[in-house]
Amino acid sequence: MTTTLAPAETRPALTRGGLSTVLLGAALAPIDLFIVNVALPTINADLHTTTATLEWIVAGYGIAFALLLVVGGRLGDAFGHRRVFSLGLAAFTLTSLVCGIAPTAGVLVAARVAQGAAVVLMVPQVLSIIQATTTGEQRSRMIGYYGATGGIAMVVGQLLGGVLVSADLAGSGWRPIFLVNVPIGVLGLVLARRLLPETRARNPLGMDGWGTGLLGLTLLTLLVPLMEGRALGWPAWCWVLLAAFPFAAAAFVTVERRLEARGVTPLLPPSLVRMPSVGRGLSVAVPFFAGFGGFLFVYALVLQDGLHLGPLASGLALTPMAVAFLVMSLLSSRFVARLGHHVIVLGTTVQVLGLLMLIGAVLLSWPDVTVLALTPGMLVTGAGQGLAGPTLVRVVLSRVPAESAGAGSGMLTTTQQSSLALGVATLGTLFVALTGTWGVAGALLLVTGVQAVMMVGVAVSARRLPDPRG
């Protein structure tokens, strides 16, 4: 994804209303990721799903997001960013409606995958529109607003999900968490038509059909057996898919290398991965974001099914983490100015401390653990995540050339979303597998301990990362 800018004097202006419109689109994607976590037990009770299906409700959205993100950016470059943004918002609105009225778990999973595909038409256009319509300090300020949007969306998603499910409007249970997107989406479409200028790249890149297909095959050969294997008793086809995974991954890498050697920009350029900041940064990003995705999934189930908290109380229990994440992510640039990449070491160390505090709260009070008892651990965990996550993003992109900024961002986000889905598949499946023999408390303690060990590994690996300050 790349956007060739017009000269400053010919650029269309982005008004405050236009910025608010694109940030609304940027916020809907993470809100819909976090809002679902609070509703998972209610969805399970209503649709009589399995844990594997719940994993697909979360991970299917992320897989579609990861797979098609770069494609969505290139479509915007080719056909116009406002046009593709509006198309994505319309599709997101429609798929949200289908999610909200889904009669079965299978329909809900399919609609969630389609919703993730709609998001990738919308989200990449946000930075493209900002980049094409602003310069200098104004651009830096607006990108800062964009960065804060993810943290705010995390807070809003947890609280809004709890409020909507608890309200049980007209006996609708979990369905308003999706239906609320419909009027918001319609409003966004009206605003986009009136307030957003049309921009597009002068020299848009073509599509990498082979790369996209092979990346999808690689993700599915890994994630499908991990999510379905335990529930189905590990049939032979699960092992066949797992055995095919390294071959699919190798084929993807080979195709991408050949395309780049021919002068074609592939889906995920291998030359970027060879850069220490990108290659090492992404190797650290995988366990970091996998741990984050698994943590949210497991705790969403434990808070309601294990501690028997209602949806609103569950949302409130997770909110301190989200608030701390938002605050520390906004402050992380100040820490980076002084400590550089060591902020990741600091952040993951703080996160490990928070996870240990949560383990202590469970050991001391189970099964009478209260929201208040969990709050200190959630705050410290969120603060560590807020320090490490944004800094990791800065490290990965710090040495990417300007002409490859879109490809670098696409590669990072693809890795992030794939890792979130991987965390749900692995830690979520591990938690469910252990509850039968260890009980909910024992499974929670072990999974939290595994995540703490993963973060120790991230802290150790992060010491070798390049300094984002140059």
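Anything mentioned here points back to the structure above.
Residues numbered from 1 in each chain as written. Predicted model: local features only at pLDDT ≥ 70, side-chain atom pairs only at ≥ 80, totals over all residues. Heavy atoms only, no water.

For the protein chain, the count of helices and strands is 15 helices and zero strands. Compactness check: the protein chain gives a C-alpha radius of gyration of 21 Å against a globular reference of 23 Å for 470 residues, within 12% of the reference. Each principal axis of the C-alpha distribution contributes one length, and for the protein chain these read about 65 × 50 × 50 Å. Evaluated residue by residue, the protein chain yields a buried proportion of 55% over its 470 residues. (Helix = DSSP H or I, 4+ residues; strand = E, 2+ residues; numbered from the N terminus. Rg over C-alpha atoms; globule rule 2.2 N^0.38 Å. Buried < 20%, exposed > 50% of the residue type's maximum accessible area, 1.4 Å probe, protein only.)

For the peptide bond that leads from W366 to P367, omega is 5°, which places it in the cis range. Mapped onto the elements of the fold, P367 is located in the loop between α13 (342-365) and α14 (371-397). Its identity is not glycine, yet D168 carries a phi of approximately 50°, on the positive side. On the basis of relative accessible area, D168 is assigned to the partly exposed category, the value being 37%. Positive phi outside glycine occurs at H308, with the angle close to 60°. Looking at where H308 falls in the secondary structure, it is placed in the loop between α11 (276-306) and α12 (311-339). According to the relative accessible area criterion, H308 is exposed, its value standing at 65%.

So, on to helix α1 (residues 16-47). Three or four residues apart is the spacing at which side chains of an α-helix point the same way, because the helix has 3.6 residues per turn. In α1, a bend of some 55° at A39 exceeds every other bend along the element, and P41, a proline, comes one to four places later. Most of α1 sits out of view: 24 of its 32 residues are buried. Of the residues flanking the end of α1, it is H48, one or two places downstream, whose phi is positive at about 55°. (Bend = angle between axes of the 7 residues up to and from the residue.)

Moving on to the packing of aromatic side chains. Under the defined criterion, the tally for this structure stands at six aromatic pairs. By way of ring pairs, the aromatic residues F34, F292 and F325 are connected into one cluster. Stacked on the ring of Y61, the Lys or Arg R112 has its end atom at 4.3 Å from the ring centre. (Phe/Tyr/Trp six-rings, centres within 6.5 Å; stacked < 30°, edge-to-face > 60°. Lys NZ or Arg CZ within 6 Å of the ring centre and 35° of its normal.)

The next subject is the pattern of salt bridges. In the structure shown here, the tally under the stated rule is two salt bridges. D32 is the partner of R112 in a salt bridge, and the nearest nitrogen-oxygen pair spans 3.3 Å. Of this pair, R112 sits in helix α4 (residues 105-133) while D32 sits in helix α1, and the two are 80 residues apart along the sequence. What makes R112 buried here is its relative accessible area of 0%. The salt bridge involving R175 is made with D46; its shortest N-O contact spans 3.7 Å. Here D46 lies in helix α1 and R175 lies in the loop between α5 (136-167) and α6 (176-179), a separation of 129 residues in the sequence. By relative accessible area, R175 is classed as buried at 18%. You can call D46 partly exposed: its relative accessible area is 38%. (Salt bridge = Lys/Arg side-chain N within 4 Å of Asp/Glu carboxyl O.)

A contiguous nonpolar surface patch, about 460 Å² in accessible area, is contributed by L94, L97, V98, I101, V107 and L179. Here the element with the most residues in the nonpolar patch is helix α3 (residues 81-101); it accounts for four residues. Following the sequence through the fold, L179 ends up in helix α6. (Patch = residues over 30% accessible without salt bridge, like charges linked within 9 Å, V, L, I, M, F, W, Y side chains within 5 Å. Areas by Shrake-Rupley, 256 points an atom, 1.4 Å probe, with all protein chains shown as cover.)

Another aspect to go through is the packing of α3 against helix α7 (residues 181-195). Relative orientation of the contacting elements α3 and α7 amounts to 165°, with a least axis distance of 9 Å. Considering the angle they form, α3 stands roughly antiparallel to α7. Here α3 runs over α7; the crossing is left-handed. Across the interface between the two elements, R82, F85, S86, L89, A90, F92, T93, S96 and L97 of α3 pack against N181, V182, G185, V186, G188, L189, A192 and R193 of α7. Considered class by class, the residues forming the contact of α3 with α7 number nine nonpolar, six polar and two charged. (Axes fitted to C-alpha atoms, helices over the stretch in contact; angles between N-to-C directions. Parallel < 35°, antiparallel > 145°, perpendicular 65-115°, else oblique. Left-handed = near helix turned anticlockwise from the far one by under 90°. Contact = heavy atoms within 4.5 Å. Nonpolar A, V, L, I, M, F, W, Y, C, P; charged D, E, K, R; others polar.)

We now examine the side chain of T429. The topology assignment puts T429 in helix α15 (residues 405-462). For T429, a relative accessible area of 12% puts it in the buried group. A polar atom in the side chain of T429 sits 3.1 Å from the side chain of E55. Those residues in contact with T429 that sit more than four places away from it in its chain are E55, L226, M227, R230 and V424. (Polar contact = N/O pair within 3.5 Å; in protein donor to acceptor, adjacent residues only side chain to side chain.)

Counting 74 residues, the largest nonpolar core has V119, F295, I344, L392 and F431 as its most contacted members. A per-element tally of this core places α15 first, with 13 residues. Setting aside its immediate chain neighbours within four residues, L392 contacts G281, V284, A285, F288, F289, I344 and L465. Judged by nonpolar contacts, the second largest core, of 49 residues, contains V58, C99, L108 and M275. (Core = buried A, V, L, I, M, F, W, Y, C linked by side-chain atoms within 4.5 Å.)

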